[in-house]
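Residue strings, one per chain:
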Amino acid sequence: MAGDRLRPLWDFDDLDLSERRLTEQLDREADGAGRAEVLTQLARVAGLREDFDRSGDLLEEATLAGAGSTLVEIRVLLERGRMLRSGGDPAGAYPMFAAAFERAVAAGEHVLAADAAHMAALAAPDDAGFRDWTTRGIELGEREPAAAYWRGPLLNNLGWKLHEAGAHGEALSVFERALAVREEDPSSEQAIEIARYAVAVALRALGRPAEAAAQAERAVAWSLRAGRPDPYFHYELAEDYAALGRAQDAAKHARRALELFAADVTPSRRTRLEALSNGEPS
(Lines give C-alpha, C1' and ligand atoms only; values in the text may rest on other atoms or scores of the structure.)
Protein backbone atom coordinates (compact mmCIF):
# COMPACT_ATOMS: atom_id res chain seq x y z
CA MET A 1 0.00 0.00 0.00
CA ALA A 2 1.38 3.36 -1.02
CA GLY A 3 2.31 5.56 1.91
CA ASP A 4 2.91 2.83 4.51
CA ARG A 5 6.38 1.36 4.12
CA LEU A 6 5.68 -1.48 6.57
CA ARG A 7 2.41 -2.71 5.06
CA PRO A 8 4.15 -4.98 2.48
CA LEU A 9 5.59 -6.97 5.39
CA TRP A 10 2.09 -8.00 6.47
CA ASP A 11 0.20 -11.15 5.52
CA PHE A 12 -2.95 -11.08 7.62
CA ASP A 13 -3.61 -14.73 6.78
CA ASP A 14 -0.23 -15.74 8.25
CA LEU A 15 0.69 -13.97 11.49
CA ASP A 16 3.80 -16.12 11.98
CA LEU A 17 5.15 -15.00 8.60
CA SER A 18 4.28 -11.37 9.36
CA GLU A 19 6.05 -11.57 12.70
CA ARG A 20 9.19 -13.06 11.11
CA ARG A 21 9.31 -10.35 8.45
CA LEU A 22 8.82 -7.58 11.01
CA THR A 23 11.43 -9.03 13.36
CA GLU A 24 13.92 -9.16 10.48
CA GLN A 25 13.03 -5.57 9.59
CA LEU A 26 13.70 -4.51 13.17
CA ASP A 27 17.38 -5.32 12.71
CA ARG A 28 17.55 -3.30 9.50
CA GLU A 29 16.32 -0.05 11.02
CA ALA A 30 18.96 2.64 11.28
CA ASP A 31 17.54 4.62 14.20
CA GLY A 32 15.25 4.49 17.20
CA ALA A 33 12.27 5.98 15.40
CA GLY A 34 12.45 3.35 12.67
CA ARG A 35 12.71 0.57 15.24
CA ALA A 36 9.79 2.07 17.13
CA GLU A 37 7.60 1.95 14.02
CA VAL A 38 8.35 -1.74 13.60
CA LEU A 39 7.67 -2.38 17.29
CA THR A 40 4.18 -0.94 16.87
CA GLN A 41 3.50 -3.50 14.16
CA LEU A 42 4.82 -6.33 16.30
CA ALA A 43 2.44 -5.06 18.97
CA ARG A 44 -0.36 -5.38 16.43
CA VAL A 45 0.61 -9.00 15.79
CA ALA A 46 0.43 -9.66 19.53
CA GLY A 47 -2.95 -7.94 19.73
CA LEU A 48 -4.33 -10.07 16.90
CA ARG A 49 -3.23 -13.10 18.91
CA GLU A 50 -5.04 -11.61 21.93
CA ASP A 51 -1.75 -11.39 23.84
CA PHE A 52 -2.60 -7.95 25.15
CA ASP A 53 0.08 -7.86 27.83
CA ARG A 54 2.81 -8.32 25.24
CA SER A 55 1.11 -5.86 22.89
CA GLY A 56 1.08 -3.24 25.64
CA ASP A 57 4.72 -3.88 26.54
CA LEU A 58 5.80 -3.49 22.91
CA LEU A 59 3.89 -0.22 22.60
CA GLU A 60 5.60 1.11 25.72
CA GLU A 61 8.96 0.13 24.23
CA ALA A 62 8.01 1.85 20.95
CA THR A 63 6.99 5.02 22.80
CA LEU A 64 10.40 5.23 24.49
CA ALA A 65 12.41 4.31 21.38
CA GLY A 66 10.57 6.77 19.15
CA ALA A 67 10.24 9.72 21.53
CA GLY A 68 9.89 12.93 19.55
CA SER A 69 8.72 11.26 16.33
CA THR A 70 5.24 12.29 15.18
CA LEU A 71 4.98 9.22 12.95
CA VAL A 72 5.71 6.93 15.89
CA GLU A 73 3.18 8.79 18.02
CA ILE A 74 0.53 8.25 15.36
CA ARG A 75 1.32 4.56 15.04
CA VAL A 76 1.30 4.07 18.82
CA LEU A 77 -2.12 5.71 19.06
CA LEU A 78 -3.46 3.52 16.27
CA GLU A 79 -2.14 0.28 17.71
CA ARG A 80 -3.07 1.11 21.30
CA GLY A 81 -6.58 1.81 20.03
CA ARG A 82 -6.68 -1.50 18.16
CA MET A 83 -5.44 -3.31 21.26
CA LEU A 84 -8.15 -1.74 23.43
CA ARG A 85 -10.90 -2.45 20.92
CA SER A 86 -9.81 -6.06 20.46
CA GLY A 87 -9.72 -6.39 24.24
CA GLY A 88 -13.37 -5.33 24.50
CA ASP A 89 -12.98 -1.62 25.24
CA PRO A 90 -14.19 0.30 22.16
CA ALA A 91 -15.01 3.35 24.30
CA GLY A 92 -11.38 3.52 25.41
CA ALA A 93 -10.16 2.91 21.87
CA TYR A 94 -12.26 5.60 20.19
CA PRO A 95 -10.35 8.69 21.39
CA MET A 96 -7.08 7.00 20.39
CA PHE A 97 -8.28 6.62 16.82
CA ALA A 98 -9.69 10.16 16.72
CA ALA A 99 -6.39 11.59 17.96
CA ALA A 100 -4.42 9.46 15.49
CA PHE A 101 -6.57 10.79 12.65
CA GLU A 102 -6.11 14.45 13.59
CA ARG A 103 -2.35 14.11 14.05
CA ALA A 104 -1.91 12.08 10.88
CA VAL A 105 -3.84 14.63 8.78
CA ALA A 106 -1.78 17.47 10.27
CA ALA A 107 1.44 15.58 9.51
CA GLY A 108 0.44 14.66 5.96
CA GLU A 109 0.44 10.94 6.82
CA HIS A 110 -2.68 10.34 4.77
CA VAL A 111 -2.64 6.56 4.63
CA LEU A 112 -2.45 6.34 8.42
CA ALA A 113 -5.14 9.01 8.71
CA ALA A 114 -7.49 6.94 6.56
CA ASP A 115 -6.70 3.84 8.62
CA ALA A 116 -7.51 5.82 11.77
CA ALA A 117 -10.82 7.01 10.29
CA HIS A 118 -11.67 3.41 9.42
CA MET A 119 -10.96 2.30 12.99
CA ALA A 120 -12.74 5.29 14.55
CA ALA A 121 -15.84 4.35 12.55
CA LEU A 122 -15.72 0.81 13.94
CA ALA A 123 -15.26 2.06 17.51
CA ALA A 124 -17.76 4.94 17.30
CA PRO A 125 -20.47 4.87 19.97
CA ASP A 126 -23.40 5.19 17.58
CA ASP A 127 -24.50 5.00 13.95
CA ALA A 128 -24.04 8.73 13.41
CA GLY A 129 -20.42 8.44 14.50
CA PHE A 130 -19.89 5.41 12.28
CA ARG A 131 -21.25 7.27 9.26
CA ASP A 132 -19.33 10.46 10.04
CA TRP A 133 -15.97 8.71 10.30
CA THR A 134 -16.68 6.54 7.28
CA THR A 135 -17.45 9.66 5.22
CA ARG A 136 -14.28 11.35 6.45
CA GLY A 137 -12.19 8.37 5.45
CA ILE A 138 -13.79 8.03 2.01
CA GLU A 139 -13.38 11.74 1.30
CA LEU A 140 -9.75 11.56 2.34
CA GLY A 141 -9.24 8.57 0.04
CA GLU A 142 -10.79 10.46 -2.84
CA ARG A 143 -8.65 13.52 -2.16
CA GLU A 144 -5.28 11.92 -1.40
CA PRO A 145 -3.86 9.20 -3.69
CA ALA A 146 -1.86 7.61 -0.85
CA ALA A 147 -5.10 6.92 1.02
CA ALA A 148 -7.10 5.71 -1.99
CA TYR A 149 -6.89 2.05 -0.92
CA TRP A 150 -9.01 2.74 2.16
CA ARG A 151 -12.07 3.65 0.09
CA GLY A 152 -12.62 -0.08 -0.49
CA PRO A 153 -12.72 -1.20 3.16
CA LEU A 154 -14.69 1.88 4.22
CA LEU A 155 -17.33 1.41 1.52
CA ASN A 156 -17.49 -2.30 2.32
CA ASN A 157 -18.14 -1.60 6.00
CA LEU A 158 -20.79 0.97 5.15
CA GLY A 159 -22.49 -1.41 2.74
CA TRP A 160 -22.75 -4.16 5.35
CA LYS A 161 -24.07 -1.73 7.95
CA LEU A 162 -26.82 -0.68 5.52
CA HIS A 163 -27.56 -4.28 4.54
CA GLU A 164 -27.92 -5.34 8.17
CA ALA A 165 -30.30 -2.39 8.72
CA GLY A 166 -32.48 -3.58 5.84
CA ALA A 167 -31.58 -0.69 3.52
CA HIS A 168 -30.82 -3.09 0.67
CA GLY A 169 -31.11 -0.64 -2.21
CA GLU A 170 -28.69 1.78 -0.60
CA ALA A 171 -26.43 -1.12 0.35
CA LEU A 172 -26.30 -2.29 -3.26
CA SER A 173 -25.25 1.15 -4.45
CA VAL A 174 -22.45 1.28 -1.87
CA PHE A 175 -21.30 -2.27 -2.64
CA GLU A 176 -21.19 -1.44 -6.35
CA ARG A 177 -19.03 1.59 -5.56
CA ALA A 178 -16.75 -0.63 -3.46
CA LEU A 179 -16.41 -3.11 -6.33
CA ALA A 180 -15.55 -0.32 -8.76
CA VAL A 181 -12.89 0.96 -6.37
CA ARG A 182 -11.41 -2.51 -5.95
CA GLU A 183 -11.31 -3.00 -9.72
CA GLU A 184 -9.04 0.04 -10.03
CA ASP A 185 -6.29 -2.30 -8.80
CA PRO A 186 -6.55 -5.47 -10.93
CA SER A 187 -3.77 -7.13 -8.89
CA SER A 188 -6.06 -7.24 -5.82
CA GLU A 189 -8.00 -10.19 -7.18
CA GLN A 190 -9.26 -11.57 -3.88
CA ALA A 191 -10.46 -8.15 -2.71
CA ILE A 192 -12.30 -7.70 -6.01
CA GLU A 193 -14.11 -11.01 -5.66
CA ILE A 194 -15.04 -10.36 -2.03
CA ALA A 195 -16.54 -7.07 -3.19
CA ARG A 196 -18.37 -8.91 -5.96
CA TYR A 197 -19.77 -11.37 -3.42
CA ALA A 198 -21.18 -8.45 -1.41
CA VAL A 199 -22.93 -7.16 -4.54
CA ALA A 200 -24.49 -10.61 -4.97
CA VAL A 201 -25.76 -10.61 -1.38
CA ALA A 202 -27.43 -7.23 -1.89
CA LEU A 203 -28.97 -8.25 -5.23
CA ARG A 204 -30.53 -11.36 -3.70
CA ALA A 205 -31.89 -9.30 -0.81
CA LEU A 206 -33.60 -7.10 -3.40
CA GLY A 207 -35.26 -10.12 -5.03
CA ARG A 208 -32.89 -10.26 -7.99
CA PRO A 209 -31.44 -13.80 -7.67
CA ALA A 210 -30.50 -14.24 -11.33
CA GLU A 211 -28.25 -11.19 -11.20
CA ALA A 212 -26.93 -12.29 -7.83
CA ALA A 213 -26.08 -15.73 -9.18
CA ALA A 214 -24.15 -14.20 -12.08
CA GLN A 215 -21.95 -12.30 -9.64
CA ALA A 216 -21.53 -15.23 -7.25
CA GLU A 217 -20.65 -17.57 -10.13
CA ARG A 218 -17.80 -15.25 -11.09
CA ALA A 219 -16.54 -15.15 -7.51
CA VAL A 220 -16.67 -18.94 -7.19
CA ALA A 221 -14.96 -19.42 -10.55
CA TRP A 222 -12.12 -17.11 -9.51
CA SER A 223 -11.70 -18.91 -6.19
CA LEU A 224 -11.40 -22.26 -7.97
CA ARG A 225 -8.85 -20.92 -10.47
CA ALA A 226 -6.83 -19.29 -7.71
CA GLY A 227 -6.96 -22.31 -5.43
CA ARG A 228 -8.58 -20.20 -2.69
CA PRO A 229 -12.01 -21.73 -2.09
CA ASP A 230 -14.29 -19.52 -0.02
CA PRO A 231 -17.26 -20.90 1.93
CA TYR A 232 -19.15 -17.61 1.73
CA PHE A 233 -19.00 -17.60 -2.06
CA HIS A 234 -20.45 -21.11 -2.23
CA TYR A 235 -23.06 -20.30 0.39
CA GLU A 236 -24.25 -17.26 -1.55
CA LEU A 237 -24.42 -19.22 -4.79
CA ALA A 238 -26.40 -21.97 -3.04
CA GLU A 239 -28.93 -19.37 -1.86
CA ASP A 240 -29.12 -17.80 -5.32
CA TYR A 241 -29.74 -21.15 -7.01
CA ALA A 242 -32.35 -22.08 -4.39
CA ALA A 243 -34.19 -18.82 -5.06
CA LEU A 244 -34.12 -19.67 -8.78
CA GLY A 245 -35.56 -23.13 -8.16
CA ARG A 246 -32.30 -24.91 -9.03
CA ALA A 247 -32.39 -27.20 -6.00
CA GLN A 248 -29.78 -29.66 -7.24
CA ASP A 249 -27.24 -26.93 -7.97
CA ALA A 250 -28.03 -25.28 -4.65
CA ALA A 251 -27.43 -28.55 -2.81
CA LYS A 252 -24.02 -28.99 -4.47
CA HIS A 253 -22.78 -25.59 -3.38
CA ALA A 254 -24.34 -25.87 0.08
CA ARG A 255 -22.45 -29.10 0.69
CA ARG A 256 -19.22 -27.47 -0.48
CA ALA A 257 -19.82 -24.49 1.80
CA LEU A 258 -20.35 -26.83 4.76
CA GLU A 259 -17.07 -28.61 3.99
CA LEU A 260 -15.18 -25.32 3.83
CA PHE A 261 -16.77 -23.81 6.92
CA ALA A 262 -16.07 -27.01 8.91
CA ALA A 263 -16.52 -26.07 12.58
CA ASP A 264 -16.36 -22.33 11.86
CA VAL A 265 -20.05 -21.83 11.17
CA THR A 266 -22.91 -20.48 13.25
CA PRO A 267 -25.66 -22.94 14.25
CA SER A 268 -28.27 -21.06 12.23
CA ARG A 269 -26.11 -21.04 9.10
CA ARG A 270 -25.33 -24.73 9.53
CA THR A 271 -29.05 -25.48 9.77
CA ARG A 272 -29.74 -23.48 6.63
CA LEU A 273 -26.92 -25.11 4.68
CA GLU A 274 -28.03 -28.58 5.73
CA ALA A 275 -31.53 -27.77 4.51
CA LEU A 276 -30.16 -26.58 1.17
CA SER A 277 -27.93 -29.67 0.97
CA ASN A 278 -31.05 -31.83 1.28
CA GLY A 279 -32.78 -29.99 -1.54
CA GLU A 280 -35.31 -28.25 0.65
CA PRO A 281 -37.02 -25.26 -1.00
CA SER A 282 -35.93 -21.68 -0.46
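Described in the following lines is the structure provided in the data block. Predicted model only: the values in this text are computed from it and were never measured.

### Remarks on the overall build of the protein
Counting secondary structure elements, the protein contains 14 helices and 0 strands. A globule of 282 residues ought to have a C-alpha radius of gyration of about 19 Å, and the protein, at 21 Å, matches this closely. Dimensions along the principal axes, computed over C-alpha positions, put the protein at roughly 65 × 35 × 35 Å. Per-residue burial for the protein yields a buried fraction of 48% across its 282 residues. Of the contacts made within the protein by residues no fewer than 6 positions apart, 53% connect residues no fewer than 24 positions apart. Element-wise, carbon and sulfur atoms account for 48% of the exposed surface of the protein, whose accessible area totals about 13,300 Å². Counting 34 positive and 48 negative side-chain charges, the protein places the averaged centre of each group 3 Å from the other.

### Topic: helix α8 (residues 151-164)
For an α-helix the count is 3.6 residues per turn, leaving residues at separations of three or four pointing the same way. With 14 residues, α8 extends 20 Å from end C-alpha to end C-alpha; this agrees with the ideal 20 Å at 1.5 Å per step. Among all positions in α8, only R151, G152, P153, L154, L155, L158, G159, L162 and H163 are buried. The inward-facing, buried residues of α8 abut α6 (110-123), α7 (127-143), α9 (168-182) and α10 (189-205). Positive backbone phi, at 85 degrees, marks G166, one or two positions downstream of α8.

### Points about the layout of surface pockets
Put simply, the largest pocket is a space of about 1,400 Å³. Lining the largest pocket are 30 residues, with R7, F12, Y149, R182 and A191 positioned closest to its centre. If you list the elements that add at least two residues to the lining of the largest pocket, you get α8, α9 and α10. Of the residues belonging to the lining of the largest pocket, the class tally is 13 nonpolar, 7 polar and 10 charged.

### Section: the packing of helix α5 (residues 90-107) against α7
Running from N to C, α5 and α7 point in directions that differ by 25 degrees, and their axes come no closer than 13 Å. Between α5 and α7, the angle falls in the class roughly parallel. Where α5 crosses over α7, the handedness of that crossing is left-handed. Contacts between α5 and α7 involve Y94, A98, F101 and E102 from the former and W133, R136 and L140 from the latter.

### With respect to the pattern of salt bridges
The final tally for this structure, using the stated rule, is 25 salt bridges. Among the ionic pairs, E19 bridges to R49, the shortest N-O distance being 2.8 Å. Taken together, the residues span a long stretch of sequence, with E19 in helix α1 (residues 15-28) and R49 in the loop between α2 (32-48) and α3 (52-65) at a distance of 30 residues. One salt bridge in this structure joins E183 and R196, with 3.7 Å as the shortest N-O distance.

### What to know about the environment of G81
Structurally, G81 can be placed in helix α4 (residues 70-86). In this structure the C-alpha to C-alpha distance between G81 and A98, which are 17 residues apart in sequence, comes to 9.5 Å. Beyond its immediate sequence surroundings of up to four residues, G81 is in contact with A93, M96 and F97.

Each value, and the rule that gives it
- Residues numbered from 1 in each chain as written.
- Predicted model: local features only at pLDDT ≥ 70, side-chain atom pairs only at ≥ 80, totals over all residues.
- Heavy atoms only, no water.
- Helix = DSSP H or I, 4+ residues; strand = E, 2+ residues; numbered from the N terminus.
- Rg over C-alpha atoms; globule rule 2.2 N^0.38 Å.
- Buried < 20%, exposed > 50% of the residue type's maximum accessible area, 1.4 Å probe, protein only.
- Contact = heavy atoms within 4.5 Å.
- Areas by Shrake-Rupley, 256 points an atom, 1.4 Å probe, with all protein chains shown as cover.
- Lys, Arg positive; Asp, Glu negative; His and termini not counted.
- Charge placed at Lys NZ, Arg CZ, Asp CG, Glu CD.
- Expected span 1.5 Å × (residues − 1).
- 1 Å grid on protein atoms, 1.4 Å probe; cavity = no way out; pocket = protein on both sides within 12 Å on 5 of 7 lines; lining within 4 Å.
- Points joined across faces, edges and corners; volume = space filled by probe spheres on them.
- Nonpolar A, V, L, I, M, F, W, Y, C, P; charged D, E, K, R; others polar.
- Axes fitted to C-alpha atoms, helices over the stretch in contact; angles between N-to-C directions.
- Parallel < 35°, antiparallel > 145°, perpendicular 65-115°, else oblique.
- Left-handed = near helix turned anticlockwise from the far one by under 90°.
- Salt bridge = Lys/Arg side-chain N within 4 Å of Asp/Glu carboxyl O.

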